[in-house]
Amino acid sequence: MVKILNSKEIAPQVCMMEIETPEIAKKALPGQFIIIRIDEKGERIPLTITDFNREEGTLLIIFQTVGKTTYQLSKLTAGDFLADVVGPLGKPSHIEKLGKVVCVGGGIGAAPVYPIARALHEVGNYVITINGARTEDLLILEEELEEVSDEFHLTTDDGTKGRCGFVTDVLKELLDGGDIDLVIAIGPAIMMKCVCQTTEPYKVKTVVSLNSIMVDGTGMCGACRVEVEGNTKFCCADGPEFDGHKVNFDLLMARQRMYLEQEKQAMDEYKKSNN
């Protein structure tokens with residue numbers, strides 16, 4: 001059993017939760033994730049680690065309520081328990097001093113971007129962060145990201161805060177200025193695809209963190225398979241980070257839509273039984 005220490009909504013349908021997991025916190029690194037199960041009959045869902053405190057033995061996770069399990073998770077409060085938490089899983093981000101690095105977070109993707117940007121900044125990189133969302137209410141971790149960045153840009157699709165437009169608008173201007181050594185993008189698949197299409201003509205290496213459907217998190221079930229440079233890879237064991245210019249994003253997005261009907265049915269049944 002894993003104790004929930006704190007839980008709060010930080011944006012519409014977006015929750016931040018702190019959990020007590022000393023062994024995982026001791027080993028967690030930027031870019032990795034955990035798999036949680038709320039109760040003995042619950043499904044297993046992957047959640048990226050937003051932060052960790054090795055001294056206090058805690059993890060911070062941020063998640064969006066997009067289905068039955070995340071909706072159920074959002075209703076838990078401090079003092080409640082999770083049946084189990086497994087991790088850290090996945091290969092950690094490769095952190096080294098490269099020069100000028102652009103970190104792009106789209107919506108909830110700002111959560112996994114934060115520990116990566118911080119680690120890159122700590123080893124001496126010049127970190128430029130672009131934090132984007134559809135509207136102001138959906139922006140998260142603004143202060144935290146700005147604190148670990150040498151340059152910080154905000155964008156909203158509707159112009160309610162920061163620059164009106166997409167993260168790729170700012171990214172293209174930065175690329176036109178030259179001297180960008182690496183781009184890291186995390187967010188909706190369509191956003192990551194657009195970022196990769198933007199950087200490809202400039203031949204700037206672009207790393208993305210893929211959010212495919214996942215079950216066991218150890219490479220045994222094959223549910224999280226993605227196509228990278230024509231080969232099948234598993235997000236949990238081979239990733240979650242990959243060279244974005246080699247990812248088949250169209251296939252990734254098609255697989256993400258496979259169970260929409262079943263997910264809606266599960267949500268409807270859960271809400272009906274809990275009314």
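Residues numbered from 1 in each chain as written. Predicted model: local features only at pLDDT ≥ 70, side-chain atom pairs only at ≥ 80, totals over all residues. Heavy atoms only, no water.

Asks: What is the right way to read the sheet that holds strand S2 (residues 14-20) from this model?
Replies: Within a sheet, adjacent strands bond to each other through the backbone by hydrogen bonds, running parallel or antiparallel. Ordered in space as S6-S1-S2-S5-S4-S3-S7, the 7 strands form an open sheet in which the pairing is antiparallel. Bordering the open sheet on either side are strand S6 (81-82) and strand S7 (84-89), each of which pairs with just one other strand. Sheet topology places strand S1 (residues 2-11) next to S6; 2 bridges connect them, and they run antiparallel. Bridged to valine 2 within S6 is leucine 82. With respect to the sheet, helix H3 (residues 110-122) is in contact with strand S4 (45-53) and strand S5 (58-64), its orientation differing from that of S4 by roughly 40 degrees. (Pairing = 2+ DSSP bridges. Helix = DSSP H or I, 4+ residues; strand = E, 2+ residues; numbered from the N terminus. Contact = heavy atoms within 4.5 Å. Axes fitted to C-alpha atoms, helices over the stretch in contact; angles between N-to-C directions.)

Asks: Which parts of the structure should I look at to understand unusual backbone geometry?
Replies: Glycine aside, negative phi is the norm for most residues, and most peptide bonds take the trans geometry. With an omega of -5 degrees, the peptide bond between glycine 87 and proline 88 qualifies as cis. A cis amide bond, omega 15 degrees, links glycine 239 with the succeeding residue proline 240. One non-glycine residue, glutamine 13, adopts positive backbone phi at about 65 degrees. With respect to the secondary-structure elements, glutamine 13 resides in the loop between S1 and S2.

Asks: Sorry if this is basic, but what is going on with the layout of surface pockets here?
Replies: Using a probe with the size of a water molecule, rolled over the atoms, empty space left in the structure can be pinpointed. Approximately 280 Å³ is the volume found for the second largest pocket. For the second largest pocket, the lining is made up of 15 residues, of which Ser93, His94, Lys205, Val207 and Glu241 are closest to its centre. Among the residues forming the lining of the second largest pocket, the class breakdown is 7 nonpolar, 3 polar and 5 charged. (1 Å grid on protein atoms, 1.4 Å probe; cavity = no way out; pocket = protein on both sides within 12 Å on 5 of 7 lines; lining within 4 Å. Points joined across faces, edges and corners; volume = space filled by probe spheres on them. Nonpolar A, V, L, I, M, F, W, Y, C, P; charged D, E, K, R; others polar.)

Asks: Could you clarify how one ought to interpret the nonpolar core in this entry?
Replies: Side chains of nonpolar character tend, in soluble globular proteins, to be buried together. Core analysis: the largest hydrophobic core is formed by 34 residues, its most contacted members being Val102, Val104, Leu210 and Phe249. In this structure leucine 210 touches Met192, Val226, Cys235, Pro240, Phe242, Val247, Phe249 and Leu252, once residues within four positions along its chain are discounted. (Core = buried A, V, L, I, M, F, W, Y, C linked by side-chain atoms within 4.5 Å. Buried < 20%, exposed > 50% of the residue type's maximum accessible area, 1.4 Å probe, protein only.)

Asks: Is there a simple way to think about the pattern of salt bridges in this case?
Replies: Pairing between side chains of opposite charge can happen when the charged atoms of each approach one another. Inspection of the entire model under this criterion finds 10 salt bridges. For aspartate 51, the salt bridge identified is with arginine 118, shortest N-O distance 2.8 Å. Placement of the pair is aspartate 51 in strand S4 and arginine 118 in helix H3, with a sequence separation of 67 residues. In terms of burial, aspartate 51 and arginine 118 fall into one category: buried. Overlapping salt bridges, with partners in common, bring together Glu229, Asp243 and Lys246 in one network. (Salt bridge = Lys/Arg side-chain N within 4 Å of Asp/Glu carboxyl O.)

Asks: For this particular structure, what's the right way to read the confidence of the model for the chain?
Replies: Reading predicted coordinates in detail is not appropriate for stretches of low pLDDT. Of all residues in the chain, 100% attain a pLDDT of 70 or more, and the chain-wide mean is 93. Looking at the elements of the chain, mean pLDDT is at its lowest for helix H9 (residues 260-273), recorded as 81, and at its highest for strand S12 (residues 182-186), recorded as 98. (pLDDT = per-residue confidence, 0-100.)

Asks: Would you explain helix H5 (residues 167-176) in this entry?
Replies: One full turn of an α-helix is made of 3.6 residues, so residues set three or four places apart face in the same direction. Those residues of H5 that fall on the buried side of the exposure criterion are Val167, Thr168, Val170, Leu171, Leu174 and Leu175. The arc that holds every buried residue of H5, seen down its axis, measures 160 degrees, which confines them to one face. Those residues of H5 that are buried lie in contact with strand S8 (100-106), strand S9 (126-133), strand S10 (151-156), strand S11 (163-164), S12 and helix H6 (189-199). Taken from the residues just after H5, glycine 178 is the one with a positive phi, measuring 80 degrees. (Arc of directions from axis to C-beta.)

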